[in-house]
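Each chain is listed here by its residues.
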Amino acid sequence: MSAYSSISQLQQAYRQKKVTLLEVVDTYLQKVQADKTQSYLTICDERARAKAKKLAQVLDQGAIDIDERYPLLGVPMGVKDNLVLEGVRTTCASRILENYVPPYTATVLDRIEKAGALILGKLNMDEFAMGSSSENSAFRPVLHPTHPDRVAGGSSGGSAAAVRAGSCLVSLGSDTGGSIRLPASFCGVVGLKPTYGRVSRYGLVAFASSLDQVGPLGQNVEDVARVFKVIAGKDPLDSTSVSLPVPEINFQEKIQWKKIRIGLPKEYLSDAVSPAVRQAMEAAKKFFEKQGAQFQEVSLPHTRFAVATYYLIAVSEASSNLARFDGIRYGVRPKETERLASLEEFYKKVRSYFGTEVKRRILLGTFALSSGYADAYYLKACQVRRLIQQDFLKVFDQKIDFLLTPTAPQTAFKLGEKTRDPLQMYLMDEFTVPASLAGIPALSLPAGEDKEGLPVGIQLLGRSFEEDFLLRVAQAFEKEGVGN
Amino acid sequence: MDQNVIQSMQSMAELARLELTSAEIKQLQADIKNILEYVELLNEASVSNVEPLMHPFEGLQNSKTPDRPDSLAQDSNNAQKVLACAPDVLQDGYKVPPIL
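Quick caveat, the model's predicted, so the values are computed rather than measured.

S.K.: Can you walk me through empty space enclosed by the protein in this structure?
M.R.: Once rolled over the atoms, a probe with the size of a water molecule shows which space is left empty. For the structure shown, the criterion picks out two cavities of 30 Å³ or more. Taken as a whole, the largest cavity holds about 60 Å³ of empty space. For the lining of the largest cavity, the residue count by class is four nonpolar, six polar and two charged. In this structure, the second largest cavity spans a volume of roughly 30 Å³. Here the lining of the second largest cavity is built from residues that sort into five nonpolar, two polar and one charged.

Right under this line is the structure:
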């Protein structure tokens, strides 16, 4: 059986009885077993087969509307290992949760399974989603799917690499400052960070609560749109999820290109941007011009503060969120804690199971929130965050429909190249963190390759809750743009 | 760079209940020094009279519909499920180290 290139192609094969759900799940599980990208931390083979059998019975009863009732029927998926799934180990790629089997299921996973998805396994990532290369996994780094000496990007590296390598059809990742978009760009797949509040965070292990969003990654825009539609919408279990209706995404509807104004933020074409990325931007611009869209250079003047702002806010929230890992209620409790005389010593031993990057961020966050420094660091960062958000609001007020930028300044770098210098690693996120700070939706889209064949990604940034428009624009580009 | 800032890393580790080896302290201090020097950049932003933004959609109204209680809390039988995650339990409770 050949690999499927889209959800609709796979479901067509189901409808025509060319293949059964069990055959598909077995084929993909073989691919998972043979995976060379080190993308899977836990494989749920028995669980996936049992689900496939159950769904196959439903399908055999006939007369079900796949599109309406089971939009993800029989779709083999991988999910990032910071989403809890009842009865299946969830580690966040951390030794501190190495043995954690959660007693409940994240809303997004509940929704995809109710829509018929088959979860094949839990995907590798930077520990607690802290990183830009997926090298911070406590177990093993994710390898680039086509260039194994390169990183897959992070922190949802497994979610991007597995899709590109074909060991799942679509996946879920999470994005705090670019963690879906950066690996999507490096691996040559499509990745969507929805508007903050669009998708429930219930059951997503918290890193930075005012920034975290769950989103889909896939081989094409329509697959990403279909998963997005399933996971989006108000969840009573997440009070920050928003109760706006999720619009239908109609790919048949023609875009009125002559009325579209695209903003090119000049701050996103800095000296750090590599020639290959520049070329991809030029080509994308030509495509949109050919359709009849107008371009306008715009300025987002506070962009240069975004990385500093983002890191101060993210580490502050992380230091608070990660205080819960105490070795009392779940997670590891190392043997050597048995004889300790005090609770303080106990906590320290348990928390020594955090990796270095996690410790670094907890320390920085504790500092940024500490008495005497909080005003100069955390509060200052929140003030600049408002300026960054206002930059976007002003541009969108000038009748700009969306912004076109590179996703990352360069293509996938070599394993180990940036691990010694955390700041250099943080700067990989310079084009992705502003959208996270502002809360707006952002999508990374493959837009060609560099000389070595490494994928280049472009990023579309839109108005809040207009994911449907971004997806339609992205699909038009995918069909007829660069490389087609 | 404020030397006190660097020295205070040890007390931050205490506050965050992190035990660091001397090698880790050395490495982390150097990294954190670099990062803190980098974020000094924010001093160039003019933020007087700018209200801090802690959440991207502060303008949204709180939902008026009553939130469902957490799914696990709805059923008291789930207590055992939750306790099963604990590294050590004693009857129906968590076993913790002595605190006095």
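After presenting the structure, the write-up continues.
S.K.: Help me understand the pattern of salt bridges, please; the structure alone is not making it clear to me.
M.R.: Opposite charge on two side chains allows them to pair when their charged atoms are near. Counted according to the given criterion, the structure contains 24 salt bridges over all chains. In this structure, the salt-bridge partner of Asp-88 of chain B is Arg-333 of chain A, at a minimum N-O distance of 3.9 Å. Of this pair, Asp-88 of chain B sits in the loop between helix H3 (78-83) and strand E1 (89-90) while Arg-333 of chain A is found in the loop between helix H10 (306-321) and helix H11 (343-351), placing the two residues in two different chains. In this structure Asp-88 of chain B comes out as partly exposed when scored by relative accessible area, which is 28%.

S.K.: In this structure, what is going on with the nonpolar core? I would like to understand it.
M.R.: Inside soluble globular proteins, nonpolar side chains tend to come together where they are buried. Ranked by internal contacts, the top residues of the largest apolar core, which has 183 residues, are Ile-112, Phe-128 and Leu-172 of chain A. The next biggest cluster of nonpolar side chains, apart from the first, holds nine residues, and it includes Leu-182, Phe-186, Ala-412 and Leu-454 of chain A.

S.K.: Honestly, the environment of Gln-9 of chain A in this entry has me stumped. Any pointers?
M.R.: All names here are of chain A. With respect to the helices and strands, the residue Gln-9 is situated in helix H1 (residues 7-15). The class of Gln-9 is partly exposed, set by a relative accessible area of 37%. Counting along the chain gives 152 residues from Gln-9 to Ala-161, while the straight-line C-alpha distance between them is 21 Å.

S.K.: Which parts of the structure should I look at to understand the pairing of strand E7 (residues 261-265) of chain A?
M.R.: Looking along a regular strand, one sees the side chains alternate between the two faces of the sheet. All names here are of chain A. Burial within E7 is extensive, with four of its five residues counted as buried. Judged from the five bridges that link them, E7 and strand E8 (residues 294-298) form a sheet pairing that is parallel. Counterpart to Leu-264 in the pairing with E8 is Glu-297. Handedness of the crossover joining E7 and E8 through helix H9 (residues 275-291): right-handed. Pairing between E7 and strand E9 (residues 402-406): two bridges, direction parallel. What sits directly across from Ile-262, in E9, is Phe-402.

S.K.: Before we go on, may I ask you to explain a nonpolar patch on the surface in this structure?
M.R.: Residue and element names in this part refer to chain B. Together, Val-89, Tyr-94 and Val-96 make up an exposed nonpolar region whose accessible area comes to about 230 Å². Inspection of the secondary structure puts Val-96 in the segment after strand E2 (93-94). With relative accessibility at 47%, the residue Val-96 sits in the partly exposed group.

S.K.: Is there a simple way to explain the sheet that holds strand E2 (residues 76-80) of chain A in this structure?
M.R.: Strands pair in a sheet through their backbones, by hydrogen bonds, and they do so in one of two ways: parallel or antiparallel. All names here are of chain A. Read across the sheet, eleven strands follow the order E1-E3-E2-E4-E6-E5-E10-E11-E9-E7-E8 without closing on themselves; strand pairing throughout is mixed. Lying at the two open borders of the sheet, with one neighbouring strand each, are strand E1 (40-43) and E8. Geometrically, the sheet is characterised by an average inter-axis angle of 30° between neighbouring strands, direction not taken into account. Bridging between strand E4 (residues 170-175) and strand E6 (residues 213-218) involves six bridges; their strand directions are antiparallel. Paired with Ser-174 across the two strands is Val-214, which belongs to E6. Against the sheet, helix H6 (residues 157-165) engages E1, E2, strand E3 (118-123), E4, E6 and strand E11 (455-461), with an angle of about 160° to E4. Lying over the sheet, helix H8 (residues 221-231) contacts E2, E4, strand E5 (190-193), E6 and strand E10 (442-449), oriented at roughly 150° with respect to E6.

Conventions we followed
Residues numbered from 1 in each chain as written. Chains lettered and ligands numbered in written order. Predicted model: local features only at pLDDT ≥ 70, side-chain atom pairs only at ≥ 80, totals over all residues. Heavy atoms only, no water. 1 Å grid on protein atoms, 1.4 Å probe; cavity = no way out; pocket = protein on both sides within 12 Å on 5 of 7 lines; lining within 4 Å. Points joined across faces, edges and corners; volume = space filled by probe spheres on them. Nonpolar A, V, L, I, M, F, W, Y, C, P; charged D, E, K, R; others polar. Salt bridge = Lys/Arg side-chain N within 4 Å of Asp/Glu carboxyl O. Helix = DSSP H or I, 4+ residues; strand = E, 2+ residues; numbered from the N terminus. Buried < 20%, exposed > 50% of the residue type's maximum accessible area, 1.4 Å probe, protein only. Core = buried A, V, L, I, M, F, W, Y, C linked by side-chain atoms within 4.5 Å. Pairing = 2+ DSSP bridges. Right-handed = clockwise from strand over helix to strand, strands pointing away. Patch = residues over 30% accessible without salt bridge, like charges linked within 9 Å, V, L, I, M, F, W, Y side chains within 5 Å. Areas by Shrake-Rupley, 256 points an atom, 1.4 Å probe, with all protein chains shown as cover. Axes fitted to C-alpha atoms, helices over the stretch in contact; angles between N-to-C directions. Contact = heavy atoms within 4.5 Å.

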